[in-house]
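If you want the building blocks of each chain, they are given just below.
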Amino acid sequence: MKTLFLTSEIAKLDPTDYVGFTFFVGCMAMMAASAFFFLSLSQFDKKWRTSVLVSGLITFIAAVHYFYMRDYWTSFQESPTFFRYVDWVLTVPLMCVEFYLILKVVGATKTLLWKMIIFSLIMLVTGYFGEAVFPGQAALWGFISGLAYFYIVYEIWLGSAKKLATTAGGDILKSHKILCWFVLVGWAIYPLGYMLGTDGWYTSILGSGSVDVAYNIADAINKIGFGLVIYALAVKSQKA
Ligand SMILES: *C/C=C(C)/C=C/C=C(C)/C=C/C1=C(C)CCCC1(C)C
């Protein structure tokens, strides 16, 4: 008869592993933010509850992925690229939904929503091709991904989303502007991280693994910060 050995292993985190440390902090930050958004839900009326709920879903989905990514990193000391992109494919479209939800009162259409979702998916799928499937052509795929990214930036800064926000005015316009800055500056950290992880740009300067530090910092800023802007808008609008 075969003897079965059950070994339970937990990967050790080396105290000098600063990349692993950012995965740990990312886990905790995403969990804490989710608890904050979810537990605040009962203070909002129906209209704002959905927006704050989506903020919580974004950080919650990220928290679960960060659990897997932290484990993957501590076990293999390798970028968890697959989990990373699954996380983004789920959370970035939800951020597009946030733009749509706050602009719905002034007539945002589903067409606008779908346009943003489709371009964000093009951005992420082509980015994945460059990072994981065809790393030899990282520059080409990164360029295509960048075009889709700029389309999203255009749409919210100058396109129809901007026009709707102007019509809405007041707190909605103010919050829309802050979210626009998140997409222009906060999201720009990702292509910089992509270049850190791709040979030929500047891998030699910071070493591999720095791509994950860049992505982890960017996720904390963009997912939690973005959610807090929505939360603050909900609090203000409800008071008015
Ligand atoms: C919560 C996750 C977010 C907000 C992720 C955003 C990701 C990006 C904006 C990624 C952009 C990329 C480029 C613009 C070019 C290179 C490839 C990517 C996918 C890293």
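Residues numbered from 1 in each chain as written. Predicted model: local features only at pLDDT ≥ 70, side-chain atom pairs only at ≥ 80, totals over all residues. Heavy atoms only, no water.

Could you give an account of helix α6 (residues 160-168), naming the residues involved and the relevant values?
If you check which residues of α6 are buried, you get A161, L164 and A165. Projected down its long axis, α6 shows its buried positions confined to an angular sector of 100 degrees, all on one face. Away from its buried face, by an angle of more than 90 degrees, α6 presents the exposed residues K163 and T167. Where α6 is buried, its residues touch α3 (81-103), α4 (110-133), α5 (138-157) and α7 (170-186). (Buried < 20%, exposed > 50% of the residue type's maximum accessible area, 1.4 Å probe, protein only. Helix = DSSP H or I, 4+ residues; strand = E, 2+ residues; numbered from the N terminus. Arc of directions from axis to C-beta. Contact = heavy atoms within 4.5 Å.)

Which residues make up the site of the ligand, and what values do they have?
As a structural note, the neighbourhood of the ligand is formed by 17 residues, with W88, M123, S145, Y190 and K223 the closest of them. Relative to its unbound accessible area of 530 Å², the ligand is 99% covered by the protein chains. Counting only elements with at least two residues in the shell around the ligand, the list comes to α3, α4, α5, α8 (189-196) and α10 (210-239). Broken down by element, the shell around the ligand gets its largest block of residues, 5 residues, from α3. (Near = heavy atom within 4 Å. Areas by Shrake-Rupley, 256 points an atom, 1.4 Å probe, with all protein chains shown as cover.)

I'd like a description of the UniProt feature "transmembrane region" (unreviewed entry) in the protein chain, backed by residues and values.
As recorded in UniProt, the sites labelled "transmembrane region" (unreviewed entry) are residues 20-39, 51-68, 88-106, 113-132, 138-157, 178-197 and 217-235. Between the first and last C-alpha atoms of residues 178-197 the distance is 29 Å; the span itself is 85% helix and 0% strand. (UniProt positions renumbered as here; feature names shortened; annotations may be inferred.)

Could you give me a rundown of the packing of aromatic side chains, with the residues and numbers involved?
Counted by the stated rule, this structure contains 24 aromatic pairs. Pairing F134 with W141 gives two aromatic rings, centres 5.8 Å apart and planes at 20 degrees, and the pair type is stacked. By relative accessible area, which is 36% here, F134 ends up partly exposed. The class for W141 is buried, based on a relative accessible area of 17%. Through pairs of rings, three or more aromatic residues link up here, namely Y68, Y72, F76, F82 and F83. Directly above the aromatic system of F24 lies the positively charged group of R70, at a separation of 5.2 Å from the ring centroid. (Phe/Tyr/Trp six-rings, centres within 6.5 Å; stacked < 30°, edge-to-face > 60°. Lys NZ or Arg CZ within 6 Å of the ring centre and 35° of its normal.)

Could you give an account of helix α1 (residues 18-40), naming the residues involved and the relevant values?
Compared with an ideal rise of 1.5 Å per residue, which puts 23 residues at 33 Å, α1 spans 33 Å between its outermost C-alpha atoms and is within 8% of the ideal. At the N-terminal boundary of α1, the capping side chain belongs to D17, with an oxygen 3.3 Å from the backbone nitrogen of V19. (Expected span 1.5 Å × (residues − 1). Polar contact = N/O pair within 3.5 Å; in protein donor to acceptor, adjacent residues only side chain to side chain.)

Can you lay out the pattern of salt bridges for me, pointing to particular residues and giving the numbers?
For the coordinates displayed, the defined rule picks out 5 salt bridges. A salt bridge links R84 to D219; its shortest N-O distance comes to 3.5 Å. Highlighted residues: R84 in helix α3 and D219 in helix α10, separated in sequence by 135 residues. Residues D171 and K174 are paired through a salt bridge, measuring 3.7 Å at the closest nitrogen-oxygen approach. Remark: K174 and D171 occur in helix α7; sequence separation between them is 3 residues, near one turn of the helix. On the accessibility criterion, K174 (54% relative accessible area) is exposed. (Salt bridge = Lys/Arg side-chain N within 4 Å of Asp/Glu carboxyl O.)

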